[in-house]
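Breakdown of the fold
Listed below, chain by chain, are the residues.
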Amino acid sequence: MRSLVFGAALLALGGCAQLENLSNTVTLSGSRSAGQGAAAPTATAQGEGVGVKVVTQTAPARGLEVVIPSRDANAILSLAGRNGTVETWRTDDDITVSVDRGVVVATRGLGDDLMAADSGPTLAALRGTKIGAYRRTYRFLTADNHSDYVLLGCEMTTAGNETLAGQNLLRHEEKCSNPKMTVTNIYWTNKKGRIQAGRQWVSPTVGQIAIGVLN
Amino acid sequence: MLVRPYRSRFLFLAMASSALAGVGFGPACAQSADRAWGYNSYGIPGLIDMPVAGSREDAELGFNVFTFAGQTRVSAAFQITPRLSAGFRYSTIKNYMGGDTLYDRSFSIQYRFLDEGRLRPAMAIGINDMTGTGVYSGEYVVATKSVTPKLRATAGIGWGRLGSNGGFDNPLGVLGDHFKTRGERTGAQGGTFQPQQWFTGDAALFAGVEWQATDRLRLMAEYSSDAYTREDGPTFDRKSPINIAAQYKLSDNASITAGYLYGTDLSVQLSYALNPKHNAHPSGLNDAPPPVVPRAGVKAAQSWTNDPAYLAAKLRPGLAQQGLVLEGAKLNGSTLAIQIRNDRYNAPPEAIGRAARVLSAQAPASVDRFAITLSENSQPVSTTTIRRDDLEAYEFHPVGGELMRAHAQIDGAPAHLPVAPGTYPRFSWNVGPYLRPGLFDPDDPMRADLGVSVNAQYEIAPGLLLSGRVNQKVIGNLNQANRPSDSVLPHVRSDAWLYYKNSGPTVPELTGAYFFRPGRDLFGRVTAGYLEPMFAGVSTELLWAPEHSRLALGAELNRVRQRGYDQRFDLRDYEVTTGHLSAYYQFTDQFYTQLDVGRYLAGDWGATLSFSRVFDNGWKVGVYATKTDVSSADFGEGSFDKGFMITIPLHWATGQTTKQRYSTVIQPIVRDGGARLGVSNRLYGMVREDQPASFDGNWERFWR
């Protein structure tokens, strides 16, 4: 059975040494949560450990493991719907995370949700069909119900092979920034080029979340 | 008719790039002096006792309590626009001019007419005590300049009270002799504008500096131009024009200021600020919506019958899960039309968006359009038609909200859809707390009753509604009021204190109402019974409100009789016919005005003018004034009726899904002139939010 430690592993953020220690029951500890707290003007948490407890659960055959450090929360979500290539995964208490082939494109129920984001440029960069800088667009809601957009200029680099939860995966780092913030998203792809895990920024207050595909 | 264009916020924001990341609060970051760092003792943007030229953040509500040497000022301020600030104060001054304690209400306004530049300062003009009894009457022009990002200097010239220390001949005297001496106030009852006094008489200079020493600490020193002529001696001994103070920020919203004022005594000020445009959970904490189900994934039969019972059976459970009540349904070729009652979502587009997603999971593939009608008391108000293709295409599109709106068609609702069987009769009830404040009685300026309120509604047929409310006071001191009315008018409101003497249950409202649509763009209402705590009778209303119009017109006619003080079923002898013609106008998406002309409860004739800022999340802050043919002398203290209105959506505060709002009207003085009947379900308020001119502003919640 594929392990549940994806999320935890992801949040170890480049702490490759720790990955080997992972098992089905593991407590990772570290200095600081990635993307924790508000305002994340420089959410470059690269290289830092995290304090996320991963509790052993019985893994379903298929699911999406999600870890939200800023909420000290993790869960395995079940599939709630599919629209084109986007899958929407839901927790028992009705929070959803929508993922397009491994790229988080929406959340609902987190208080400061990602209303939508584009996945195309990131997927193209991972496939290698797009070279150089590209732009990503994130949409949010304000307290008075207007849209607020965050535009980021991004660049993808490949950071070598890593073993994550027993799989040999290729690590990609997507460094995105604008004058007010900088964030590094990480995607791990398998041999077929599919994203198996990722650590991605979703909103200013939620910060980064980690996902792991269980299949 | 004027049509409100749908504004593209995206393009604007796209150009402004990432506006979001730095939602940051706090004055520590470099800002221009256009943004004031705090409130002064009057509760307007300022230093200690003197004003500054800056404004607070647009839409901020600031609450301040200031106390110093026998004087207390409790104030509320609102940043009406980025440049225009207004404040209301309730003050007490002990041994005023050697006499009793003075209780005073005053209203001030400030406008920043010049932004800070590289060399030029920000500048503002202001008037304290525009309408009160004149205790704080003073005007000023003030300039503030940033010296460094953390140090600001302010200097200004004041008149009236603010021209009383070191006064000199008014430089405005060159404009006319009128400015050279400050005339007497007119009107014995206070509450009227005194423009002939503004900027007249001696003038004096004031100045100050403020230093943002740390993120939390602000130090201030000022030279005051207020000699406290009326208070010096009896209230306190003023020894110096120099004031110093330190403000400490307790949180993003709250701060405390301590000072040493006029060489005499310590002062303390508590400030609390909140902004309707910010909260901790902007997208809300409520459940996720169901995902869109593309046609390929729908398991429904290939074709549906158009039998309302069949449609209701298919659609009602899914809608009910989202808190939406199906009232009618019709399958018309490839269009599936439904009428829903939204009792859950503060923003109508959220109800529309969730209903559309429910339909996407149920409707057979042959359906390619959803027409969703929002209703109020079973009266269809507006219909939003969306293409199923768009729903599937834009669910995760980065600008999916804008695209959805651009492709949606929103019209006035058509005639009633076939009623979904099982909708009527409908019974609902709820129990909740109620709070009834009683403010500004000099014996005790802040009284209140807190109790339990039980509401029940029974809708027999579409639009035919019985509703009632029973209140039981649990704790409170409104019954301690003892202020027999001295009004020479019929005591339509000034006997209010007698209505809260009982400790037993009261029935503030028990009515039967009928709502109907007499024609296109028209809405009608007839309500009969115990309409409000103090009046019973019959109320009728007709409203013309086209869905894309800025303008709406209404007429209301009521025949009412005064209710007994026990708020149960007794009636008193006083009877009156009252009613108004009303015009409602939306200036911009947030600023509304309303003019009501007609006959008031005391039989007086006149007009009410109101202005409000209505935020897209349901917050409302407004002000109104009523002038009738009752003379100032007959009206009594205050001269005419006026007040503030505030509405706070609970959804904004808690992040949970609820349409509940807390609304209150704050009247400095409640008298009998210009009093309006308070009937529930007035049509404009009921209908407007379900029309696109209003809900375009919160359309982005479609995808929430």
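Scroll up for the structure.
If you're wondering where the values come from, they're calculated on a predicted model, not measured in any experiment. (Residues numbered from 1 in each chain as written. Chains lettered and ligands numbered in written order. Predicted model: local features only at pLDDT ≥ 70, side-chain atom pairs only at ≥ 80, totals over all residues. Heavy atoms only, no water.)

If you tally the helices and strands in chain B, you get 9 helices and 30 strands. Here the C-alpha atoms of chain B give a radius of gyration of 28 Å, agreeing with the 27 Å that 2.2 N^0.38 yields for 704 residues. Relative to its full complement of 704 residues, chain B shows a buried share of 54%. Nonlocal contacts in chain B, meaning residues at least 24 apart in sequence, comprise 58% of its contacts between residues at least 6 apart. Element-wise, carbon and sulfur atoms account for 61% of the exposed surface of chain B, whose accessible area totals about 28000 Å². A gap of 4 Å separates the mean positions of the 70 positive and 67 negative side-chain charges of chain B. (Helix = DSSP H or I, 4+ residues; strand = E, 2+ residues; numbered from the N terminus. Rg over C-alpha atoms; globule rule 2.2 N^0.38 Å. Buried < 20%, exposed > 50% of the residue type's maximum accessible area, 1.4 Å probe, protein only. Contact = heavy atoms within 4.5 Å. Areas by Shrake-Rupley, 256 points an atom, 1.4 Å probe, with all protein chains shown as cover. Lys, Arg positive; Asp, Glu negative; His and termini not counted. Charge placed at Lys NZ, Arg CZ, Asp CG, Glu CD.)

So, on to the overall build of chain A. Of the regular secondary structure elements, chain A holds 3 helices and 15 strands. A total of 215 residues make up chain A; the buried ones form 61% of that total. Taking all contacts inside chain A whose residues are at least 6 apart in sequence as the whole, residues at least 24 apart take part in 42%. Total accessible area on chain A stands at roughly 8100 Å², and carbon and sulfur atoms take up 49% of it.

Once that is clear, we can look at the interface of chain B and chain A. When the parts come together, some accessible area is lost, and that loss is often what is quoted as the size of the interface. Between chain B and chain A, the residue contacts involve 47 residues of the former and 43 residues of the latter. For the pairing of chain B and chain A, the buried interface totals around 3600 Å² over both sides, and the portion due to carbon and sulfur atoms is 58%. Applying the counting criterion to the chain B and chain A interface returns 16 residue pairs in polar contact (both at pLDDT 80 or more). Residue assignment for the side of chain B that touches chain A shows that the elements contributing at least two residues are α1 (9–16), α4 (388–394) and α5 (400–407) of chain B. Of all the elements, α1(B) adds the most residues to the side of chain B that touches chain A, at 4 residues. In terms of residue class, the side of chain B that touches chain A is made up of 21 nonpolar, 16 polar and 10 charged. (Buried area = accessible area lost by both parts, 1.4 Å probe. Polar contact = N/O pair within 3.5 Å; in protein donor to acceptor, adjacent residues only side chain to side chain. Nonpolar A, V, L, I, M, F, W, Y, C, P; charged D, E, K, R; others polar.)

Here we come to the packing of helix α2 (residues 308–321) of chain B against helix α3 (residues 348–362) of chain B. For any two helices packed against each other, one specifies the crossing angle of their axes together with the interaxial distance. Residues and elements named next belong to chain B. Taken N-terminus to C-terminus, the directions of α2 and α3 make an angle of 135°; their axes are 9 Å apart at the nearest point. By the angle class used here, α2 and α3 are oblique. The way α2 lies across α3 gives a crossing that is right-handed. Along its contact with α2, which presents K314, L315, G318 and L319, the element α3 presents A355, V358, L359 and Q362. For the contact of α2 with α3, the per-class residue count stands at 5 nonpolar, 2 polar and 1 charged. (Axes fitted to C-alpha atoms, helices over the stretch in contact; angles between N-to-C directions. Parallel < 35°, antiparallel > 145°, perpendicular 65-115°, else oblique. Left-handed = near helix turned anticlockwise from the far one by under 90°.)

A few words now on the sheet that holds strand β15 (residues 369–376) of chain B. Residue and element names in this part refer to chain B. An order of β13-β14-β15-β16-β17 is seen for the 5 strands of this open sheet, with the pairing classed as mixed. At either end of the open sheet lies a strand with only one pairing partner, and these are β13 (324–332) and β17 (409–412). Here the average twist between neighbouring strands, direction ignored, is 20°. Inspection of the sheet shows β13 paired to strand β14 (residues 335–342) by 8 bridges, in the antiparallel sense. The residue of β14 that forms the bridge with L331 is L336. Packing of α2 onto the sheet brings it into contact with β13 and β14, and relative to β13 it is tilted by some 145°. Along the sheet, α5 makes contact with β16 (379–387) and β17, crossing β16 at roughly 110°. (Pairing = 2+ DSSP bridges.)

Residues and elements named next belong to chain B. Where burial is concerned, most of β14 is hidden: 7 out of the 8 residues are buried. What sits between the antiparallel neighbours β13 and β14 is a turn of 2 residues, in which G333 has the positive phi angle 65°. A crossover links β14 with its parallel partner β15, the connecting element being α3, and its sense is right-handed. (Right-handed = clockwise from strand over helix to strand, strands pointing away.)

Before going further, it helps to spend a moment on the state of the cysteines. All names here are of chain A. Within this structure, the stated rule accounts for 1 disulfide over all chains. Residue C154 pairs covalently with C176 via a disulfide, S to S 2.2 Å. Across the S-S bond of C154 and C176 the torsion is about 110°, and the bridge reads as right-handed. Here C154 is found in strand β11 (residues 147–164), whereas its partner C176 is found in strand β12 (residues 167–178), with 22 residues between them in sequence. (Disulfide = S-S within 2.5 Å.)

This brings us to the nonpolar core. When a protein is soluble and globular, its nonpolar side chains tend to lie buried together. In this structure, B:L319, B:L336, B:I338, B:F370, B:I372, B:L391 and B:F702 are the most contacted members of the largest nonpolar core, which totals 38 residues. The biggest single contributor to this core is α3(B), with 6 residues. In this structure B:F370 touches B:L336, B:A356, B:L359, B:S360, B:A363, B:T384, B:T385, B:I386, B:R388 and B:L391, once residues within four positions along its chain are discounted. Residues A:L64, A:L114, A:Y134 and A:I195 belong to the second largest nonpolar core, which totals 34 residues. (Core = buried A, V, L, I, M, F, W, Y, C linked by side-chain atoms within 4.5 Å.)

Residue and element names in this part refer to chain B. Spanning 14 residues, α2 covers 20 Å between terminal C-alpha atoms, matching the ideal 20 Å at 1.5 Å per step. L315 marks the point of greatest bend in α2, at about 40°, and the proline P317 comes within the next four residues. Turning to α2, its buried residues number three or more, namely L311, A312, L315, G318 and L319. In this fold, the buried residues of α2 make contact with β13, β14 and α3. Positive backbone phi, approximately 80°, marks G323, located one or two places after α2. (Expected span 1.5 Å × (residues − 1). Bend = angle between axes of the 7 residues up to and from the residue.)

This next bit is on the pairing of strand β18 (residues 426–441) of chain B. Along any regular strand the residues' side chains alternate between the sheet's two faces. The pairing of β18(B) with strand β19 (residues 444–461) of chain B spans 15 bridges and is antiparallel. Directly across from B:Y434, in β19(B), lies its bridge partner B:G451.

On to the side chain of B:S255, then. Among the structural elements, B:S255 can be located in strand β11 (residues 254–261). Setting aside residues up to four positions removed in sequence, B:S255 forms contacts with B:Q247, B:Y248, B:K249, B:L250, B:Q269, B:L270 and B:S271.

Residue and element names in this part refer to chain B. Tracing the backbone shows K330 in strand β13. Sequence separation of K330 and G468 is 138 residues, and the distance between their C-alpha atoms is 33 Å. Filtering out sequence-adjacent residues up to four positions away, K330 remains in contact with N306, L311, T335, L336, A337, L417 and P418.

All names here are of chain B. What the rule picks out here adds up to 26 aromatic pairs over all chains. Residues F88 and F440 carry aromatic rings whose centres are separated by 5.9 Å and whose planes lie at 70° to one another, so their mutual orientation is edge-to-face. A residue pair is termed long-range when its members are at least 10 positions apart, and F88 in strand β3 (residues 84–93) and F440 in strand β18 qualify at 352 residues. Take F88 and F440: they sit in the same class, and that class is buried. Here the aromatic residues F66, F68, Y228, F236 and Y262 are joined through ring pairs into a cluster of three or more. Of note, R161 hangs over the ring of Y228, and the distance from its end group to the ring centre comes to 4.9 Å. The ring of W699 is capped by R405, whose NZ or CZ atom sits 5.8 Å from the centre of that ring. (Phe/Tyr/Trp six-rings, centres within 6.5 Å; stacked < 30°, edge-to-face > 60°. Lys NZ or Arg CZ within 6 Å of the ring centre and 35° of its normal.)

Once that is clear, we can look at the sheet that holds strand β4 (residues 102–114) of chain B. All names here are of chain B. With antiparallel pairing, 12 strands are arranged side by side around a closed barrel as β1-β2-β3-β4-β5-β6-β7-β8-β9-β10-β11-β12. The sheet shows a mean angle of 20° between the axes of neighbouring strands, taken without regard to direction. Here 9 bridges tie strand β7 (residues 151–160) to strand β8 (residues 203–212), and the two strands are oriented antiparallel to one another. Bridged to W159 within β8 is A203.

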